[in-house]
Amino acid sequence: MKAAATLLAVATAALLPVAFPGQPYMLQLATLTLCGIVPAIGLNLLFGYTGLVSLGHMGFAGVGGYAAALLMKQAGWPFLPALGSGALLAGAVGLLVGIPCLRLRSHFFIIVTLAVGLILSTLFTNLDWLTGGAEGLPGIPRPRPLAIGGVRIVLATPIGFYWVALAVTLGALLLQWAVVRSPFGSALAAIRQDETMAAARGVDVFAHKLAVFALSAGIAGAGGALQASFLRVAAPASFDLAASINLVAVVIIGGPGYLAGPVLGSIVFVALPEALRAAAQARLFVFGAVLVLLALFAPRGLLGLGTRLLRRHAAS
Amino acid sequence: MAFPAMAFPAMAVIAQAVNGIMMGAVYALFAVGMVLVFGVMRVLNFAHGAVFMAGGYLCWFAMAHVSPIYPVALLFSTAGGAAIGLVLERLVFRRLRENLSMQIVASLGLILMAQNGVLLLFGADALQIEAPSLRRVLRLGELGFTVQHLVILAAVAVAVASLHVFLSRSRLGIAMRAASQDIQAARVVGIAPDRVFAITFALSGALAALGGALLGPLFLVFPGMGDLPLLKGLTAIVLGGMGSVWGAVLGGLAIGLLEAEATLFAPTDYRDLVVFAALIATLLLRPRGLFGTAIRGEP
């Protein structure tokens, strides 16, 4: 039942641009939403499943984005190896940052992640020789056509890149699912519920936190690489503090600790401001009000709210 | 190291120290308001910067439409900030006391509402508070600073001193400290938590708005003017150990000094990087901040 629904959703997502052709703007929004889902999956593993808030996660996405941009632009690497290397590098940076920072507790850790994100975004803006400074690195080439047997799939078109983004997003979702179902994922859940208890039951808390922090930074890096190659530019504004805070909001609004939370959160975050376009000037004001209402009335995110309503319905 | 002595002329160091202590005083004021709310309610109000910004606009409004006397405008902003604090506590944060993640989302929503709200009301252009007497430059030998530098230092000193007296002498202040130590025990001895929360938020809002009204005449008043103080204020309370008013004050002053002196040895663009790197380095050496103490029950 669940598998069928998932398959249906994937098929719908893949065929959407074919079913509604001639909608370049909608296609662009849909691709951007996908680009937002991937880093949110990374943060969901860290925050939703392990209970660690990171307020600087788009900094890691930036490491992946800039690395992939440099590899594709300067070294002429193809898309997929560049994305993979960006993710690996972001994961490595996450590992290095995590070793000292994960020893800090609760609120101290949160503020340090904020500081790390700020430091990374300062570097993106100011290391002109490497990152192109405030202008970033423009002119990232589009992915090359994919040849499977005799079929040649063009990925450079808007629809082609939408499929690329969809494939990367599905890969990240699959990884999230595999991690959550694994014994490693159970250990993470134990840490979230009670760290002391988890340690008493033989979980190496620090090692698990470090592993999930690096993994989550790596997934964020893949998201950054995907976004940079979609926008064809790696720019500091994509990876600054505001972007990091928005990412946290995406995860929380969707429903932290739900597999589909990042998907729903990202859709809400891109679609809602668009839907509010009618309100023109007051658009962001209304969006802010909606966020406050969500915080007050959906304490476990939209999916949490949904499950609660379903349960109440089933009970009555 | 080949640092020529000339690279750090004493006068430049002192001049930056004056600037740094002034900005540090503003950060301290900001951080004290945040740490009060955190201490009493365990709420991290990221929208504190929006109240700071509102204070700047209230001050501009008061100077332009209520009374051109700056101290009156300061009082007006402070009272306005207290009112905003009361509303925020009652409508939003009282219900989010146990939920850190939703505190973040609500704060983000409030920031969006505040920043876009003032955009709609006052337009996108930065506003200037017309107070030439505050911008007059005083000379002390080679040092030059504005009257507003002194006003800021004096106002912050008065505010922090009154807060200290309030917290240590008055019944309400003692009730606040009791609530911050153990809310259940406070309830047992007859302290009404909701009343304490409301007063805490009002105080915090008043301090934030006062900060905005103090910084406004020196720089400009614009929607994002609370963003940097928020980051520096957060850094200050973490440096100070997230528990004490004096820790937050010292943390704020230290950050102000550090970022001002940093411009002497690093490009201005890296000023914030120096501050945040110092924060991380400090926490690595002292994981609970400079003045934090271990909490019973935490490993």
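Residues numbered from 1 in each chain as written. Chains lettered and ligands numbered in written order. Predicted model: local features only at pLDDT ≥ 70, side-chain atom pairs only at ≥ 80, totals over all residues.

**Here's the deal with the overall build of chain B**
Step number 1: Of regular secondary structure, chain B possesses 11 helices and 2 strands.
Step number 2: N-terminal to C-terminal, the α/β element order of chain B is α-α-α-α-β-β-α-α-α-α-α-α-α.
Step number 3: Taking 299 residues into account, the globule formula puts the C-alpha radius of gyration at 19 Å, and chain B, at 19 Å, falls close to it.
Step number 4: Its C-alpha atoms give chain B principal-axis dimensions of roughly 60 × 50 × 35 Å.
Step number 5: Counting over 299 residues, chain B shows a buried share of 51%.
Step number 6: Counting contacts in chain B only where the partners sit at least 6 residues apart, residues at least 24 apart contribute 76% of the total. (Helix = DSSP H or I, 4+ residues; strand = E, 2+ residues; numbered from the N terminus. Rg over C-alpha atoms; globule rule 2.2 N^0.38 Å. Buried ≥ 20, exposed ≤ 12 C-beta atoms within 10 Å, placed from the backbone. Contact = placed C-beta atoms within 7 Å.)

**Notes on the overall build of chain A**
Step number 1: Tallying secondary structure elements over chain A gives 14 helices and 4 strands in all.
Step number 2: On C-alpha atoms alone, chain A measures out to a radius of gyration of 20 Å, which is about the 20 Å that the 2.2 N^0.38 rule sets for 316 residues.
Step number 3: C-alpha atoms of chain A, sized along the principal axes, occupy 55 × 50 × 50 Å.
Step number 4: A buried classification covers 47% of the 316 residues belonging to chain A.
Step number 5: Within chain A, residue pairs in contact and separated by at least 24 positions form 74% of the contacts whose partners lie at least 6 positions apart.

**A word on the interface of chain A and chain B**
Step number 1: Taken together, the contacts link 35 residues of chain A with 35 residues of chain B.
Step number 2: Among the elements of the structure, helix 5 (106-126), helix 11 (241-254) and helix 13 (283-297) of chain A are those that each provide at least two residues to the side of chain A that touches chain B.
Step number 3: Tallied by class, the residues present in the side of chain A that touches chain B amount to 27 nonpolar, 6 polar and 2 charged. (Nonpolar A, V, L, I, M, F, W, Y, C, P; charged D, E, K, R; others polar.)

**Points about the pairing of strand 2 (residues 143-146) of chain B**
Residue and element names in this part refer to chain B.
Step number 1: As paired elements, strand 1 (residues 137-140) and strand 2 share 4 bridges and run antiparallel to each other. Each bridged residue has a counterpart across the sheet, and for leucine 140 the counterpart in strand 2 is leucine 143.
Step number 2: Count of turn residues in the strand 1/strand 2 antiparallel hairpin: 2 residues, of which glycine 141 carries a positive phi of about 65°. (Pairing = 2+ DSSP bridges.)

**Section: the nonpolar core**
Step number 1: By size, the foremost hydrophobic cluster in this structure holds 200 residues, and its most contacted members are Ala28, Val32 and Val105 of chain B.
Step number 2: In this structure, alanine 28 of chain B is in contact with Val156, Ala236, Ala248, Val249, Gly252 and Leu253 of chain B, ignoring residues within four places of it in sequence. (Core = buried A, V, L, I, M, F, W, Y, C linked by C-beta atoms within 7 Å.)

**Re the environment of valine 286 of chain A**
Residue and element names in this part refer to chain A.
Step number 1: Relative to the elements of secondary structure, valine 286 occurs in helix 13.
Step number 2: For the pair valine 286 and proline 273, spaced 13 residues apart in sequence, the C-alpha to C-alpha distance is 8.7 Å.
Step number 3: With residues up to four places along the chain from it excluded, the contact list for valine 286 reads Leu276 and Ala279.

**Quick word on helix 8 (residues 183-193) of chain A**
All names here are of chain A.
Step number 1: Where helix 8 is concerned, the buried positions are Ala187, Leu188 and Ile191. Projected down its long axis, helix 8 shows its buried positions confined to an angular sector of 105°, all on one face. Residues of helix 8 that are exposed and angled more than 90 degrees away from the buried face: Pro183 and Gln193.
Step number 2: Of the surrounding secondary structure, the elements contacted by the buried residues of helix 8 are helix 2 (24-49), helix 9 (195-200) and helix 10 (205-231). (Arc of directions from axis to C-beta.)

**Some thoughts on helix 6 (residues 171-181) of chain B**
Residue and element names in this part refer to chain B.
Step number 1: Considered for burial, the residues of helix 6 that qualify are Ala175, Met176, Ala179 and Ser180. For helix 6, the arc enclosing every buried residue in end-on projection is 135°, short of the 170-degree limit, so these residues lie on one face. Opposite the buried face of helix 6, at more than 90 degrees from it, the exposed residues are Arg171 and Gln181.

**A look at the packing of helix 6 of chain B against helix 8 (residues 193-215) of chain B**
Residue and element names in this part refer to chain B.
Step number 1: It is at 10 Å that the axes of helix 6 and helix 8 come closest, and there the two elements cross at 105°. In this view, helix 6 runs roughly perpendicular relative to helix 8, as classed from their interaxial angle. In this structure, helix 6 contributes Leu172, Ala175, Met176 and Ala179 to the contact, and helix 8 contributes Pro193, Val196, Ile199 and Thr200. (Axes fitted to C-alpha atoms, helices over the stretch in contact; angles between N-to-C directions. Parallel < 35°, antiparallel > 145°, perpendicular 65-115°, else oblique.)

**Quick look at the packing of helix 1 (residues 10-41) of chain B against helix 9 (residues 227-239) of chain B**
How two helices sit against one another is set out by the angle between their axes and by the gap between those axes.
Residues and elements named next belong to chain B.
Step number 1: Taken N-terminus to C-terminus, the directions of helix 1 and helix 9 make an angle of 65°; their axes are 8 Å apart at the nearest point. Of the two possible hands of crossing, helix 1 and helix 9 adopt the one that is right-handed. Between helix 1 and helix 9, the contacting residues are Val26, Tyr27, Ala28, Phe30, Ala31, Met34, Val35 and Phe38 on the first element and Pro229, Lys232, Gly233, Ala236 and Ile237 on the second.
Step number 2: Classifying every residue of the contact of helix 1 with helix 9 gives 11 nonpolar, 1 polar and 1 charged. (Left-handed = near helix turned anticlockwise from the far one by under 90°.)

**So, the environment of glutamate 98 of chain B**
Step number 1: Relative to the helices and strands, glutamate 98 of chain B is located in the loop between helix 3 (70-91) and helix 4 (100-122).
Step number 2: Residue classification places glutamate 98 of chain B among the exposed positions, given that 10 C-beta atoms sit within 10 Å.

**Let's talk about the confidence of the model for chain B**
Step number 1: When pLDDT is averaged along chain B, the result is 90; 95% of the residues meet or exceed 70.
Step number 2: Two summary scores accompany this predicted model of the complex, namely pTM at 0.91 and ipTM at 0.88. (pLDDT = per-residue confidence, 0-100.)

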